[in-house]
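# Reading the structure
These are the residues of each chain, in order.
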Amino acid sequence: MPGMVLFGRRWAIASDDLVFPGVFELLLRVLWWVGILMLYLMHRGKLDCPGGVLLSSYMIVLLVLLAIIIGTVSAIVCVSMKGTICNPGPRKSMSKLLYVRLALFLPEMVWASLGAAWIADGIQCDRTVGNGIIATVVVSWLIIASTVLTILIVFDPLGGKAAPGAPLGPQPLDSRESSQLLSGLRTAATSVWETRVRLLCCCIGRDDHTRVAFSSTAELFSTYFSDTDLVPSDIAAGLALLHQQQDHARSPPEPTEVVTHSPGPFQEADLDAELENCHHYMQFAAAAYGWPLYVYRNPFTGLCRVGGDCCRRRTTDYDLVGGDQLNCHFSSILQTTGLQHRDFIHISFHDKVYELPFLVALDHRKESVVVAIRGTMSLQDILTDLSAESEPLDIECEAQDCWAHKGISQAARYVYRRLVNDGILSQAFSIAPEYRLVVVGHSLGAGAAALLALMLKSPYPQVRCYAFSPPRGLLSKSLYEYSKTFIVSLVLGKDVIPRLSVTNLEDLKRRILRVIAHCNKPKYKILLRGCWYELFGGSPEDLPTELDGGDLTQPLLGEHSLLVHGSPAYSFSSESPLESPTKYPPLYPPGRIIHLEEEGTSGSCSCSPAARYTVRWAHESEFSRILIGPKMLTDHMPDILMRVLDHVVSDRAACVSCPAQGGSSVDQA
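It should be emphasised that the depicted structure is a prediction, and the values quoted were computed from it without experimental measurement. (Residues numbered from 1 in each chain as written. Predicted model: local features only at pLDDT ≥ 70, side-chain atom pairs only at ≥ 80, totals over all residues. Heavy atoms only, no water.)

## Let's talk about the overall build of the chain
For the record, the criterion: Every helix listed is a DSSP run of H or I at least four residues long, and every strand listed is a run of E at least two residues long, numbered separately from the N terminus. A 1.4 Å probe rolled over the protein chains alone gives each residue an accessible area, and that area as a share of the maximum for its type sets the label: buried under 20%, exposed over 50%, partly exposed in between. The contact criterion used throughout is that any non-hydrogen atoms of two residues lie within 4.5 Å. Computed with the Shrake-Rupley method and a 1.4 Å probe, the accessible areas treat only the protein chains shown as cover for residues.
Within the chain one finds 22 helices and 15 strands. Among the 669 residues that make up the chain, the fraction classed as buried is 52%. Long-range contacts, defined here as pairs at least 24 residues apart, represent 77% of the contacts in the chain between residues at least 6 apart. Counting only carbon and sulfur atoms, one obtains 61% of the accessible surface of the chain, whose full area is about 30,200 Å².

## With respect to the UniProt feature "transmembrane region" (unreviewed entry) in the chain
Rule in force here: UniProt positions are given in the numbering used here, feature names are shortened, and annotations may be inferred rather than shown by experiment.
The residues that UniProt annotates with the feature "transmembrane region" (unreviewed entry) are residues 18–41, 53–77, 98–120 and 132–155. Taken end to end, residues 18–41 comprises 96% helix and 0% strand; its first and last C-alpha atoms sit 33 Å apart.

## Section: helix 14 (residues 379–386)
Going by this rule: For this quantity, the arc is that covered by the directions from the helix axis to the C-beta atoms.
Considered for burial, the residues of helix 14 that qualify are Q380, D381, L383 and T384. What you see down the axis of helix 14 is that its buried residues fit within an arc of 160°, all on one side.

## What about the packing of aromatic side chains?
To keep it simple, the criterion reads: Pairing of aromatic rings covers Phe, Tyr and the six-membered ring of Trp, with a centre-to-centre limit of 6.5 Å; geometry is then stacked below 30 degrees between planes, edge-to-face above 60, and tilted otherwise. Here, over-ring charges are defined by two tests on the NZ atom of lysine or the CZ atom of arginine: distance to the ring centre within 6 Å, and angle to the ring normal within 35 degrees.
Applying the stated rule across the entire model yields 14 aromatic pairs. Taking the centre distance of 5.6 Å and the plane angle of 5° together, the rings of Y58 and W111 count as stacked. Of this pair, Y58 sits in helix 2 (residues 52–80) while W111 sits in helix 3 (residues 94–121); the two residues are 53 residues apart in sequence, bridging distant segments of the chain. For the pair Y58 and W111, a shared accessibility class is recorded, and that class is buried. When the centroid spacing of 5.9 Å and the interplanar angle of 90° are considered together, the rings of F330 and F344 count as edge-to-face. Separated by 14 residues along the polypeptide, F330 in helix 13 (residues 329–337) and F344 in strand 4 (residues 344–348) bring together distant segments of the chain. Under the relative-accessibility criterion, F330 is labelled buried at 0%. The cationic tip of R196 hangs over the ring face of W193; the distance from NZ or CZ to the ring centre is 4.7 Å.

## Let's talk about the nonpolar core
What counts, and what does not: We define the nonpolar core as a collection of buried residues of types Ala, Val, Leu, Ile, Met, Phe, Trp, Tyr and Cys that are connected through side-chain atoms lying within 4.5 Å of one another.
Counting 44 residues, the largest nonpolar core has V369, V371, I373, L393, L419, L437 and L451 as its most contacted members. If you list the elements that add at least two residues to this core, you get strand 5 (358–363), strand 6 (368–373), helix 15 (406–421), helix 16 (424–431), strand 9 (436–442) and helix 17 (444–456). No other element matches the 10 residues that helix 17 contributes to this core. For V371, the residues in contact, after removing those within four places along its chain, are L359, V360, L419, L425, L437, V438, V439, V440 and L452.

## Focus on the packing of helix 7 (residues 232–248) against helix 20 (residues 523–536)
The description of two helices packed together rests on the angle between their axes and the distance between the axes. Filter applied, for reference: Helix axes use the C-alpha atoms of the stretch in contact, all axes being lines fitted to C-alpha atoms, and the angles between their N-to-C directions lie in the range 0 to 180 degrees. Orientation labels follow simple angle bins: below 35 degrees gives roughly parallel, above 145 gives roughly antiparallel, 65 to 115 gives roughly perpendicular, and whatever is left gives oblique. Each crossing is labelled by how the near helix is turned from the far one, with a counterclockwise turn of less than a right angle marking it left-handed and a clockwise turn marking it right-handed.
Interaxial distance between helix 7 and helix 20 falls to 9 Å at its minimum, and their mutual angle equals 50°. Taken as axis vectors, helix 7 and helix 20 run oblique relative to one another. For the pair helix 7 and helix 20, the crossing hand works out as left-handed. From helix 7, S233, D234, A236, A237, A240, L241, H243, Q244 and D247 reach across to helix 20, where they touch K523, I526, L527, R529, G530, Y533 and E534.

## Some remarks on the confidence of the model for the chain
Note the following rule: Here pLDDT means the predictor's own confidence in every residue, given as a number from 0 to 100.
Of the residues in the chain, 78% reach a pLDDT of 70 or more, and the chain-wide mean stands at 81. Within the model, pLDDT remains below 50 along residues 601–609, and this stretch shows 11 contacts once partners closer than five positions in the same chain are excluded. Within the model, pLDDT remains below 50 along residues 660–669, and this stretch shows 32 contacts once partners closer than five positions in the same chain are excluded.

## Some thoughts on helix 1 (residues 19–43)
Threshold: One less than the number of residues in a helix, times 1.5 Å, gives the span that helix is expected to have.
Relative to the 36 Å expected for 25 residues at 1.5 Å per residue, helix 1 spans 36 Å between its end C-alpha atoms, a close match to the ideal helical length. When helix 1 is considered as a whole, its buried residues turn out to be V19, G22, E25, L26, R29, W32, I36, L39, Y40 and H43.

## Structural notes on the pattern of salt bridges
Operational definition: Every case where a carboxyl oxygen of Asp or Glu lies within 4 Å of a side-chain nitrogen of Lys or Arg is listed as a salt bridge.
What the rule picks out here adds up to 33 salt bridges. Here D208 ties to R211 by a salt bridge, and the two come within 2.5 Å at their closest N and O atoms. Of this pair, D208 and R211 both sit in helix 6 (residues 208–225), three residues apart, which is roughly one turn of that helix. Its relative accessible area of 54% is what places D208 among the exposed residues. Assessed through its relative accessible area of 36%, R211 is described here as partly exposed. The salt bridge partner of K477 is E620, with a shortest N-O separation of 3.6 Å. One end of the pair, K477, is in helix 18 (residues 477–483); the other, E620, is in the loop between strand 15 (612–618) and helix 21 (631–634), with 143 residues separating them in the sequence. Given the relative accessible area of 37%, K477 is considered partly exposed. Relative accessible area serves as the criterion here: at 6%, E620 is assigned to the buried category.

Structural data, given as structure tokens:
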């Protein structure tokens, strides 16, 4: 629901968010009250010491004060449980209860200060009583400090711009006052978000690229969040409901291109060949992460294997390779790729905003010069990811309207300049002129590798690119079609990154607004049910939403109550992904897409009892919506992807006698 209005300003917390913190405080206060009561009843005969009367009075007043606080907190919890996310009417008394609760902090602080003063003067009474008073004072100040911290967390810097009587629904979009207000809110929101980003990234430099990335990130966040009146718990509840709704409607129709066309022998052979190439080149994409990923994959032996590079310098070996900031990385790269020192042309772990680490090596097995670009692993990389505006990509190709993700495009240009202007590729091909060029990467590195391959296509016509878990919001439609001839992307399961774009995020926001507007259960029940469903599973048939045959009908109150002065990008009736703002046009993933999907053991080859995967060519439209689930993040991890690739390739090799399972998803969905 919209954030609460207290003291004339909006706060980033709703009136139905106080159930869990209230229950926690209530449990703590009741235990505290019982402990003080038992202490008083058991030791009141020992309070005839100097200052004993004061201590007795202190405990009696504390018991009364705690009882009043327990009653107030109980009322807050009961009221917070009422209503639904979009029906705050039953909770209209919450603001008054909170004013009372905050007022009770004043006598509590006074009493805690008095207790601290008495402790400082020394207590001559029974030691048990003294320890009880000390514990009381400590607990009092801990609760006060946690309350102050909570207030700072839920403080909304833009809250003062929301008047208590301001209408919650959208205003007419042709109203000059409404347009000016919305523009002012977004400008202020951009400034607030930029301040937050600067604080979070205070440890990185302040060069021109960093300042541009700060502004781009702030504008992205303000554009996405400024037109809705949601608090974080609303988003969490919406995601929980969407996951259950998604599992409830488990069999969405596949795109026509996938369902109606069975794979021919050529497609099947091509899939096997490209899958084997992906399995081979994924080692280089993983090696680009250096020693952190290697140690993570080998927790017991990794440190011992790469420790030599950290503790001593092997000058002769290092002289064979150009680059910078190798540190502990070289040994892990050798272990991951299985190559020799002389096979590496250049290794760079220079890491700044729009400037990614990369390596260049000679792969004699595939007779290729491999350029591997590292994925996201630092704050600088995150800022590169979040610079999500589109900018024109100046390349020599037949495609029209060549646009790409700004941050990743800048990173690809940096690697291009290093490879071409510094003569790195020339050096590599002077050693192996008959080799072909292959560019690989994972995650952010996959996006940069795809754009780099587009840039290198003209001087190196035989270039190939293997993009592992690339971001969806990367290329314009024309570039996506053009890239199919030389770029292959690999996506595992429900990985969120290949489905992540501004367009899809807008669609996710619309779905969250609709599902919580249709919800007929209180938020705390949704969150409890969601946690149970994620941890232990269950039947999604019991999801607490108003469904009619799996389709959302009219909302209980309406999505309009969750918008701030209307959003020009928001549509209540459209079931298609939302149109993005002009600055964020729809973007697409690179190349042809191989999709690895986990499937049940029934109907599959029984050569291995382990989890099995369907391998097939997929259409980009299958990744036009973000899927919610526990594996949406783990499926993106490079170590998980490497394990699955190892299993899939070995399984397909061992099960050559089984029916083909790579081309069509119709029989295996």
